[in-house]
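Chains, contacts and geometry: an overview
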Amino acid sequence: MSNHKKLEDFRQEIDKCVKCGACQAQCAVYKTLKRESTVARGKVAIAEALLDKDLPLNDRFVLDMSQCLLCGSCYDKCPNLVPTDEIVMAARREIAERQGLTTFGKVLTGVIKRPKLMETLVKGGQFFGPFLFKKIPDHSGLRLRFPVPFISQDRAIPEFSDQPFRSRYPELIPGDDDKPLVAFFTGCMINYTYPEVGEALVKVMRFMGFPLQIPQAQGCCGLPALAAGDEETVDLLADANVDAFAADKAEVVVTACASCHAGIGKHYRDMGGDYAVLGDKVVDVLKFLVDNGLVEKLQQLNHKDYKGETLRVTYHDPCHLRTQGITAEPRALLRALPGVEFVEMEGADRCCGLGGTFSVYHYDTSRKIGSRKADGIAASQADVVASACPGCMMQLQDSIQHAGLPQRVSHVLQLIAECLPE
Amino acid sequence: MLAPRVIRLLEDIVGSEQVTTDSTDMLCYSYDATQQTFLPDAVVFPENAEQVSLIMKMANVENIPVFPRGAGSGFTGGSLPTKGGVVLVTSRMDRIIEIDEDNLVATVQPGVVTEQFQQAVEKVGLFYPPDPASLKFSTLGGNAAECAGGPRCVKYGVTKDYILGLQVVTPQGDIIRTGGATMKGVVGYDLTKLMVGSEGTLGIITELIIKLLPLPEAKKTMLIMFNSIDGAAQAVSAIIRGKIIPTTLEFMDAATIDCVRKATDMELPEQAQAVLIVEVDGDADLIEKQAKRILEIVQPLGVVATRVAITAAESEDIWKVRRSVSASLRNVNPDKFNEDICVPRSKVPEMIRKVDLIAQKYDIPIVNFGHAGDGNIHVNIMIDSKVADQAERAEKAIKEVFAGALALGGTMSGEHGVGNTKAPYIPMELDPAAVAYMKAIKQALDPKNVLNPGKILLEDLETIEQAKQAN
C-alpha cells in the first residue's frame, strides 16, 4: 500500500472549497500572473474536474499543477482550511502515475538516474564547476533543485563546497552531562552548499551545552521528490532517514532548513508509522533554542563580545516556518543579539518565490516575485537579511543581486554564532 | 461556441496572449463566491478603456454577451457568464494612477485590490473607509459596481459615498466620463451614482476618481457581551441616541457565539447571548471619552462582561472573534445561503425575533451576525444540500426572511447586490412601475442586451417565477 494519499482521497477537502476567493490575497504566483488557474481555488476546481473527468490530464494540467510554490500560504489563511498544497502534490503524483514521469518526473528523475548524462550536462553548464555533481549523491534533492539543462543562466547559485558539512564532524559531538542528546538533520543544502550554516549550528549548540549527534547515514528529506510527484523516491529516502535516526537515542531532531522541517516533519507525520515517529521528534532549531533559554543567555552577553559596529538586520519568513506558526522565535533571537538593531521589512511574510522546482520551470515568475521581495529589503535599509532556510537564502541572494542591492544574506544561526565567544 | 472569426477579432483587440478559450480557463472563470457555475466561451484580459470599448462595439455587432469581472468574489453572481459569451476580466488594469494629497482624491484603475489601495493612501496619512470583508482580494471596480459596504460604514458610509467620478465604457462601446475630481458638481444627471451599484449592467468602469479622508489618529476597540439579544439591540439604539456614531457596531447572536465558542479557544462566558464589537476612532483623547461614555450607556442593558483593547494586539484579538465566525459556521452545516438584509436600526431586535421564528418553522439553523449599527444583518441559513428537501425549505425560509425585512421598512440586500441569485425576488421589493423605469434605462442604454444580461432585472420575470414554481 502506498504511503501517500491519492488525489481521489482529497474529495472531501476539495468539496470544502466554497470559491470565496480569499486565496487570491495570499498567492504570490497569482499576484504575479493574475490568472485564475494559478490561484488555489482555480487549482482545486481543476483537480476536481480531473477527478470528474471533465478535464483531461493534458499538458495544460501539468503546467497548472507546476505553477505552485507549495508554500502553504493559501491553506494558512483559507476560511475552510482547504489544503491546496497537498492537493497539488497529490495531483503531481497522479501525473507521474498516469503518464509515467512526465514534465516533472521525466526531466527530473531522468537526470537523477543517469549520472553519465548528468556529468555531460554539467560540463556544459556555465554556473557549475565540472565536478560539481560528483560530490552529490544520486538521490539528493539538490539534483531536483538544480536540473542543469533547465537552470536559467541568469540565476545566482551558491558555490558548492569542496568538503560537505557532514564529513567535517564525527557522529557525536559531546556536550554537558546534564543536557539531553540532540540530533541534527542537516538537509542537502546545508551539507553541500551552505556548510557554514551547519558550522554555526554546531557552535551554538556547543555554547548551549547540548551533545549533538549528526548521523552520517542521513540523506535528502525527500521534499523535492515529493513536490515532483515521485512517490518511489520519497519512500526510498524516507526509509533511509528512518534507519539513520532509528539507532539514535535523541528525543529531539533539529533542522536548520525550513523546507527540511516540512519534509521530515509534517510530511513524515502524514505518512504515518515509523515515519511519523521520526516526524514527531522534529523541531526547528531556532524554536528549540528559544524554548531552551537562548534569548536570555544572549541578553546577558557583553556587548564587547561582538566584533564590529551596530548591524541593522531584517528577517524574511520562510513559508515553511511561517505556516507552522514559527515567526516570533527568529525575531526574538535577532532582537536579543548584542550590537544588532532589528528592523521589520515590508512584506516579510511574503514568499521569496523559490518554491523548490518551481523556480526551475518558472524562473521568470519566480524572479518577479523575488523582485517584489527586493523592494521591501531595499526600503528596510538593513545591512543584513536574515532567514532560516537555505533555499530562501539562495533566492534572496539572487533577488538582491538582480536589484543591485548591497545587503548580505545570512542564516539567523550565523548571526548568533558571530556573537558568541570563541 | 463563438465563431473562430470572433475569437480572431478579440485577439486583434487585446493580443492573442490575452484571449483564451482553453477549457481549463473556461472552468476557472465559470464561478464566483456563490458557487454557481456557468461556462463562458472566451475570457479576455483588456488593459485599457480603448480595448474595452472595441470589445463592446464588437459584442454589439456580433450579438455576444459580455460579463465584466473583478476578483470573482461576489455573493450574488454579478460577474457570472450566465449566458455563455465573453468574460471580461479587469485584472490587468491594476494601477493606482495618482494620489492627490492637495485635493484628497485618488485616481485608480478598476483592477486595484481594495486593501492595496488602502495601504497606499494610509502611507501618506489618508484614509479610504469602505471595508467589505473581501477587501484583501476584491477590487475597487467590483466594489463600486456592487456598491460594497463593510463594518466601518456605520460612521463613514458605503462605496458610493466615496466615488466622485468615473470613466465608463457604455454597453454600446462609447467611452464617457461621469462626475469629476471636484467636491461639488451638478451639471447633468448624476451618472456616477447611477453606475455605482449597477452591477456592471449599465457600463464597464475603467477608471475611478475616489474621495479620501484624513487618517484618524487613533482607534479603540471594545467587546461587550450581553445576556440577551434585546439588550444588545437596545444598546445599539441607545449609543446612537447618545449622539455617538462609532466607527463600527458589529453584533453576533447566540447561535453565532456558540459557533465561535466551539471552533476556537476564545473566552466567551455561557451567559453571553449576544455580543457587540464597538470601535471608535479619531483624536486620542476624544475616543477615550467616547469609549467611556459608551460603556456607561450600555451598562444598564444586561452587560455580562466587557473587554476593552488597550494595545493594537488586543484590538486584533477582538476582531479575531468576528473574523472566525464565517469559518466556524461550517460546523453547523456544510452549505449556507448568506443573505444580507438591512432594516432600520431600531428594528434589529424585531427582525432577529422574526428570523428565529422562521428557523423554527422550517427546522433549519439560522445564524445571524453583522453590522447592527446600520441595521445590516447577515442572515446565514445553514443547510446540508445533500439532505433531501433542505434546500427547498431554505428557499422558503429565505423568501420569508425577505418578506419580514420588507415589512419592517427594510431591504433584501444591504451590500451584496442582486446579481442573478436575488433577481427572482425583485418584485417583492420594487413595485412594477419602478421595475419598468429601471428596464427602460437598461433598454435605452443596452438595446441588444449584451452587457451582463440576466442580472438584477430578468428579461422575463414571469418565466423565471414559473420555472421556480415548477421546480
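What counts, and where the lines are drawn
- Residues numbered from 1 in each chain as written.
- Chains lettered and ligands numbered in written order.
- Predicted model: local features only at pLDDT ≥ 70, side-chain atom pairs only at ≥ 80, totals over all residues.
- Helix = DSSP H or I, 4+ residues; strand = E, 2+ residues; numbered from the N terminus.
- Buried ≥ 20, exposed ≤ 12 C-beta atoms within 10 Å, placed from the backbone.
- Domains from an automatic or database assignment.
- Contact = placed C-beta atoms within 7 Å.
- Nonpolar A, V, L, I, M, F, W, Y, C, P; charged D, E, K, R; others polar.
- Pairing = 2+ DSSP bridges.
- pLDDT = per-residue confidence, 0-100.
- Axes fitted to C-alpha atoms, helices over the stretch in contact; angles between N-to-C directions.

Details of the overall build of chain A
A tally of regular secondary structure across chain A gives 23 helices and 9 strands. Burial analysis of chain A (422 residues in total) assigns 54% to the buried set.

What about the domain arrangement of chain A?
Residues and elements named next belong to chain A. When cut into domains, chain A gives domain 1 (7-100) and domain 2 (293-419). The straight-line distance from the C-alpha centre of domain 1 to that of domain 2 is 29 Å. Contacts between the two partners involve 14 residues from domain 1 and, on the opposite side, 13 residues from domain 2. Mapped onto the side of domain 1 that touches domain 2, the elements with two or more residues apiece are α2 (28-33) and α5 (73-77). Broken down by element, the residue count for the side of domain 1 that touches domain 2 peaks at 4 residues, all from α2. Among the residues forming the side of domain 1 that touches domain 2, the class breakdown is 8 nonpolar, 5 polar and 1 charged.

Points about the sheet that holds strand β1 (residues 19-20) of chain B
All names here are of chain B. Spatially, the 4 strands line up as an open sheet ordered β1-β2-β4-β3, and their pairing is mixed. Taken across any chain shown, the strands that pair with only one partner, and hence form the sheet edges, are β1 and β3 (66-69). The sheet contact formed by β3 and strand β4 (residues 86-89) spans 4 bridges and is parallel. Among the inter-strand pairings, Arg69 is bridged to a residue of β4, identified as Val89.

Structural notes on the confidence of the model for chain B
All names here are of chain B. Summing up the model confidence of chain B, the mean pLDDT is 92 and the portion of residues at 70 or higher is 97%. Across residues 461-468 the pLDDT falls below 50, and counting only partners more than four positions away or on other chains, this stretch makes 5 contacts in the model. If you check the scores for this complex, the pTM reads 0.88 and the ipTM reads 0.92.

A few points about the sheet that holds strand β15 (residues 303-308) of chain B
Residues and elements named next belong to chain B. One open sheet accounts for 7 strands, arranged β15-β12-β14-β13-β17-β18-β16; its pairing is antiparallel. The outermost strands of the open sheet, each flanked by one partner alone, are β15 and β16 (335-339). Across the sheet, the mean angle separating the axes of adjacent strands is 15° when strand polarity is ignored. Where strand β13 (residues 248-252) meets strand β14 (residues 274-282), 5 bridges bridge the pair, whose relative direction is antiparallel. Bridge pairing links Leu249 to Val278 in β14. Where helix α8 (residues 229-241) meets the sheet, it contacts β12 (218-226), β13 and β14, and its direction lies at approximately 20° from that of β14. Docked against the sheet, helix α11 (residues 312-328) engages β12, β13, β14, β15 and β17 (366-371), running at close to 55° with respect to β12.

Quick word on the domain arrangement of chain B
You'll often see interface size given as the accessible area lost when the parts meet. Residues and elements named next belong to chain B. Its domain assignment divides chain B into domain 1 (4-89), domain 2 (96-214), domain 3 (216-331) and domain 4 (426-470). Placing a centre on the C-alpha atoms of domain 2 and another on those of domain 4 gives a separation of 26 Å. Each side of the interface is counted separately: domain 2 has 6 residues, and domain 4 has 8 residues. Its residues assigned to classes, the side of domain 2 that touches domain 4 shows 2 nonpolar, 3 polar and 1 charged.

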